[in-house]
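Summary of the model geometry
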Amino acid sequence: GAKMSRRRADSQGSLGPDDEVMPYSDDDTDDELEPSSEGEPEAPHAPAEVRVSEMGWKVKANDRPYHHLPEFQKKVCLCIKKSRYSGNSIKTYKYNVLTFIPLNLFEQLRRVANLYFLALLILQIIPDISTLPWYTTLIPLVVVLGVTAIKDLVDDLARHRMDKEINNRKCEVLLDGRFQESKWRDIEVGDVVRLKKNDFIPADILLLSSSNPNSLCYVETAELDGETNLKFKMGLRVTDERLQEERQLAEFDALIECEEPNNRLDKFTGMMQWQSERYPLELDNMLLRGCKIRNTEECHGLVVFAGADTKIMRNGGKTRFKRTKIDELMNYMVYTIFVLLILVSAGLAIGHTFWYEEIGSNAWYLFDGKGQNASYRGFLSFWGYIIVLNTMVPISLYVSVEVIRLGQSKFINWDLQMYFAEKDTPAKARTTTLNEQLGQIEYIFSDKTGTLTQNVMQFKKCTIAGRTYGIDPVDWSWNQLADKRFEFMDHSLVACIRSRKDKDVTEFFKLLSLCHTVMVEHNDGDLVYQAASPDEGALVTAARNFGFVFLSRTQDTITIREMDQEMTYEMLALLDFNSDRKRMTIILKFPDGRIRLYCKGADTVIYERLAPNSRHKETTQTALDIFANATLRTLCLCYKDISADEYEAWSRKHKDAQLAMYDRDIALDRVYEEIECNLLLIGATAIEDKLQDGVPETIATLAKADIKIWVLTGDKKGTVSPFSPTGKCLSSEIVCYFHVSSENLRIRQANRRNELPTTRRGKKKPAEPFFPQPGKNALIITGGWLIDFVDMACECEAVICCRVTPKQKANVVSLVKKYKKAVTLSIGDGANDVNMIKTADIGVGISGQEGMQAVMSSDYAFAQFRYLERLLLVHGRWSYIRMCKFLRFFFFKNFAFTLVHFWYSFFSGYSSQVAYEDWFITLYNLCYSSLPVLLVGLLDQDVNDKLSLKFPKLYLPGQQGTLFNYRNFFISLFHGIFVSLIIFFIPYGAFLQTMGQDGEAPSDYQSFAVVTASSLVFIVNLQISLDTSYWTFVNCFAVLGSIAIYFGIMFDIHSAGIHVLFPSAFTFTGAASNALRQPYLWLTIILTVGISLLPVICIQFLHKTIWPSVGDKTGSFHCEEKKKPPAFQRGRRSRRSAYAFSHSRGYADLISSGQSIRRRPPTRGGPQDSIREVPQREAENI
């Protein structure tokens, strides 16, 4: 019988790097895009054909000692040697019991801030410098490191559990002549194993024999490539015949020579030497780890690669560590603060030197007997100030940011509106470090099949002998074997078949039921089809419903039931489908002895091979165009009769080609071409792959938020063009540039290269725009022109790339990342998207039809594309706004707190004396000011989720990064300087000449410290209250609680009892109770707080009324929708005109649709009229 095998010819069709030849591994996505290679596609590499001489991997069956021979050892380090064959246990965890603490500490101390605090701690232990006790740094540092370490530990324990579970799975291994149960981790290279139905495959195994005829074995490869359909593997004929019994297997002693372990999932070359014969091995003989045995009772195999050498483990790729833009900014800001800190400390140290020479050395009461000169004291003072002012670099910053991100991730996991009930899959944030980046996305790269579509195929229409069928619904009650879920619209076709008059119609469905590679299972009298692709399943199901039922197949026969009688056809040859042939052919011998060839394939390929006298070419072509425009996937069907002599001659050539050692694929292709010619057209089928729910709406909304969507797909152009990212399909104003002709592009490229590079880099836009008319352009391109097209593509609203390999998908993403410096998100559902998901700033996996590969390497996962809108416009936007608010405030509160020491130093001889009490400094960031800010970072919303989705324009500030940048940072800095000035100088002025009620002056250092500290705590907590836009009970509790905790702890620390216990650590005995008895000091505190907050309140008021942000407007519109119309309408005008002058578009749609219930004053000219004139269309874009 003919050998059923899938071969992949090298694709010569594509320009650019040839993907079959160039392995696409995960590790080299960014490195290939060197600036030098801008433009020209690389020349295809020479085919990496593995010659026999290069095969360096030797495996001997049933011979464990062989693999431990010295020749197979490799040096690990110095004199330790290890076998080059790895064991079968895998390890994905990072730490073990011994290495956890050292490794984790090492990783955390690589963070600049943590290292800096460690250095401070060491400085504080030196007695000459120490201005603050060591515990002020130690306590926060321990808390910070501890929290992070616990988080890492929990993550790592989960990995340990996974590894343990996998390594302890059971499997039968042939030891001492019989099969014994063994754990996966004990399997070694060269072992013979027995696998049962539904077992996972423990290593990369050479299939020797199986219980199916001809040693066929079916595997499901979902974990490997995400496809849930079955693939079949074949044992070699020789091993199939001689290796069925246990005894035979135990005596098996072949030597396998094959390629070294690598990550190519689509290639394997090797040789088996056994009983002085050599047999070629290929991928079809290999069962790869990670697949599952299906429809096969048991099979035997020989382990070739184990553990870390297996292809699936080699494919893991390095997980890239992703960081957000805000993270990078934050680090730069910490460096900026650090530079400031050194400058300020140096200035104060110089001040101290001068002061000591002029005043300090002459004051007898300051003599300390140390005999140090002025410059040495200045030097010590420098280090002292570094310690005092260290709180400018906030240690708790990083930990708070982690906590906030963790909270945001939990909110995503808990969001019921992103939970898909049918599959019971909630959304899952798999990474907790990227949330605010979701609010800054500019480009989305999406896969098409399964991501935008459901990957459920339906047979919709067909054209047979020039006549098109498929308009109204059909009742299937006449056919008991029909699949009830099948829908088709057209009675005339059914009538045609049942009358059996029309020869073409019967031929058409006979072809569909015979020409395929579907497997069939009988489940309780029901037929279940296992197809290699959903399209193929849909076609066979269609034939089945129309009365041509595929029943069973063996190696060389196919049985179908035509209407009522069973027929068995002998299969002479099966010429399988692959991505370059784009067609599949089967040659059958009918029961009456004639030989007929059936072929189905893509219209482009079939039309080239039709006989000149074939009928219905034109009518079918028009039908095909109509189908393609309705986004249906089309296939053409044709046949041809062959004489016995012709077949004999061809069959001999076919056998020779199958045995060719080198370039076997090319030889086979030549032979295939000879027989697939002069075909006669029967008709064509059209299958629909439905869009998922809500996809067009989601895309439209995201487009309004100025997010550009690119679709990268492996499908051909026809299936994509009508479906397009700009909302409800390619909308009418969008000009389509198909295949921008390569001549055009070459000229353009030449012009661009000849310009001086300087001019090109300088301008933001390319010298001449690519498209004649600006406006909405869509670009639909094919493989070859990737590099130079970035500039062109970015002028478009929508870009669709067709026939893109996984490697190219990743390249497109990194091109945009690199040249546009934009934040990118890619979303996909299959293993072919993994590269792209790992390359983009944020990767989203859809847990859908195609296995879990994409989800495993993604940062966020959910079940339906439409949830992306909520993830970005609601969660992403909120996370970004919260994080920015949090950071702005955090920097402010630390500046306001620390710079008081700076002003104080002018009055203390620059002697690095602290302005507050030590314990206040220790606890300020931990207890007194942390909770309210944290809660704003977790819970704040400027507008609620419904409005966020209703007005996508609210997303823009995130893309432009306007809420947190250097400008905001310096505003926070100056705000902090202003507040610290007030906190210091108002109490200072109040204390200058004052007298308490008891006739004593309360103007001592300790009372002063209490007053400044209390003012600071009030100001910081009230300021955050002003910045909170969404109040909950928790926020309220936190603000009041922080103030209460402050007073509670202060009175404890200033109590006499604690001083008695630790006299050296607690020196402020009775200061608080003494100071806060004086009404005068309370008035001072109130004055300080008032003066600090008044300017802020004024500025906020002005901002909201005169320069409202889009968010403010949306919020106020929302309120106005709810309010009743006021009866009295004078003086409405100023408020109205504020909107008319605002810089962004007005809300004409709200007003004109009558949703905003505010009545218009009858006739009053003036600015508010300009609102009404905003055209409806424009307003909808908000």
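The rules behind each value
- Residues numbered from 1 in each chain as written.
- Predicted model: local features only at pLDDT ≥ 70, side-chain atom pairs only at ≥ 80, totals over all residues.
- Heavy atoms only, no water.
- UniProt positions renumbered as here; feature names shortened; annotations may be inferred.
- Helix = DSSP H or I, 4+ residues; strand = E, 2+ residues; numbered from the N terminus.
- Buried < 20%, exposed > 50% of the residue type's maximum accessible area, 1.4 Å probe, protein only.
- Polar contact = N/O pair within 3.5 Å; in protein donor to acceptor, adjacent residues only side chain to side chain.
- Axes fitted to C-alpha atoms, helices over the stretch in contact; angles between N-to-C directions.
- Parallel < 35°, antiparallel > 145°, perpendicular 65-115°, else oblique.
- Left-handed = near helix turned anticlockwise from the far one by under 90°.
- Contact = heavy atoms within 4.5 Å.
- Nonpolar A, V, L, I, M, F, W, Y, C, P; charged D, E, K, R; others polar.
- pLDDT = per-residue confidence, 0-100.
- Expected span 1.5 Å × (residues − 1).
- Pairing = 2+ DSSP bridges.

Looking at an unreviewed UniProt entry, the protein chain carries the name Phospholipid-transporting ATPase, with the source organism given as Dicentrarchus labrax. In its Sequence similarities (unreviewed entry) section, the UniProt entry covering the protein chain states "Belongs to the cation transport ATPase (P-type) (TC 3.A.3) family. Type IV subfamily." Checking UniProt for the protein chain, the heading Cofactor (unreviewed entry) contains the comment "Mg(2+)".

As a further point, take unusual backbone geometry. For glutamine 275, which is not a glycine, the phi torsion comes out positive at approximately 50°. Among the secondary structure elements, glutamine 275 is positioned in the loop between β11 (269-274) and β12 (277-282). Phi at tyrosine 910 takes a positive value of approximately 50°, unusual for a residue other than glycine. Mapped onto the elements of the fold, tyrosine 910 is located in the loop between α26 (867-905) and α27 (918-928).

With that out of the way, let us pick up the UniProt feature "binding site: Mg(2+)" (unreviewed entry) in the protein chain. Here the UniProt feature "binding site: Mg(2+)" (unreviewed entry) sits at Asp447, Thr449, Asp829 and Asp833. The annotated residues occupy 387 residues of the chain but converge on a single region, no pair of C-alpha atoms lying more than 10.9 Å apart. Counting through the fold element by element, threonine 449 comes out in the loop between β17 (443-446) and β18 (453-464). Assessed through its relative accessible area of 14%, threonine 449 is described here as buried. As for its position among the elements, aspartate 829 is in the loop between β33 (824-828) and α24 (834-839). Here the side chain of aspartate 829 touches threonine 451 through a polar contact of 3.4 Å, side chain to side chain.

Glancing now at the packing of helix α3 (residues 135-167) against α27. It is at 9 Å that the axes of α3 and α27 come closest, and there the two elements cross at 20°. Considered as vectors, α3 and α27 are oriented roughly parallel to each other. Judged by the sense of rotation from one axis to the other, the crossing of α3 with α27 is right-handed. Residues Tyr135, Thr136 and Ile139 of α3 touch α27, and the partners they reach there are Asp918, Trp919, Thr922 and Leu926. For the contact of α3 with α27, the class distribution of residues is 4 nonpolar, 2 polar and 1 charged.

A few words on the side chain of aspartate 535. Considering the arrangement of structural elements, one finds aspartate 535 in helix α13 (residues 534-545). The exposure class assigned to aspartate 535 is buried, which follows from its relative accessible area of 18%. Sequence-distant contacts of aspartate 535, that is, excluding residues within four places in its chain, are made with Met457, Arg633 and Ile687.

Before going further, it helps to examine the environment of valine 823. In this fold, valine 823 is placed in the loop between α23 (806-820) and β33. Owing to a relative accessible area of 2%, valine 823 belongs among the buried residues under this scheme. Linking valine 823 and glutamine 959, residues 136 residues apart in sequence, is a C-alpha distance of 8.2 Å. What valine 823 contacts, discounting residues up to four positions off in sequence, is Lys325, Gln437, Gln440, Ile441, Glu442, Tyr443 and Asp841.

Time to look at the confidence of the model for the protein chain. On average, residues of the protein chain carry a pLDDT of 78, and 78% of them reach 70 or more. Within the model, the stretch residues 752-775 combines pLDDT values under 50 with 30 contacts to residues more than four positions away or in other chains.

On to helix α9 (residues 374-388). Helix length check: α9, at 15 residues, gives a terminal C-alpha distance of 20 Å against a target of 21 Å (1.5 Å per residue), a fit within 8%. Counting buried positions over the 15 residues of α9 gives 11, a clear majority of the element. Along α9, the residues classified as buried are Ala374, Arg377, Gly378, Leu380, Ser381, Phe382, Gly384, Tyr385, Ile386, Ile387 and Val388. Against α2 (112-125), α8 (325-358) and α26 lie the buried residues of α9.

Spatially, the 3 strands line up as an open sheet ordered β9-β8-β14, and their pairing is antiparallel. Only two strands of the sheet have a single partner each, and these edge strands are β9 (230-234) and β14 (292-294). Across this sheet, the average inter-strand angle for adjacent strands is 45°, counted without regard to direction. Summarising the sheet, strand β8 (residues 216-220) and β9 pair through 5 bridges and their orientation is antiparallel. Within β9, the residue paired with tyrosine 218 across the bridge is phenylalanine 232.

Here we take up the pairing of strand β23 (residues 557-562). In terms of strand pairing, strand β22 (residues 548-553) meets β23 through 5 bridges, oriented antiparallel. Residue valine 549 lies in a different strand from β23, and its bridge partner there is arginine 561. Note that β23 and strand β24 (residues 565-575) share 6 bridges and pair antiparallel. Each bridged residue has a counterpart across the sheet, and for isoleucine 560 the counterpart in β24 is methionine 567. In this antiparallel pair of consecutive strands, β23 and β24, the connection spans 2 residues, and methionine 563 shows a positive phi of 50°.

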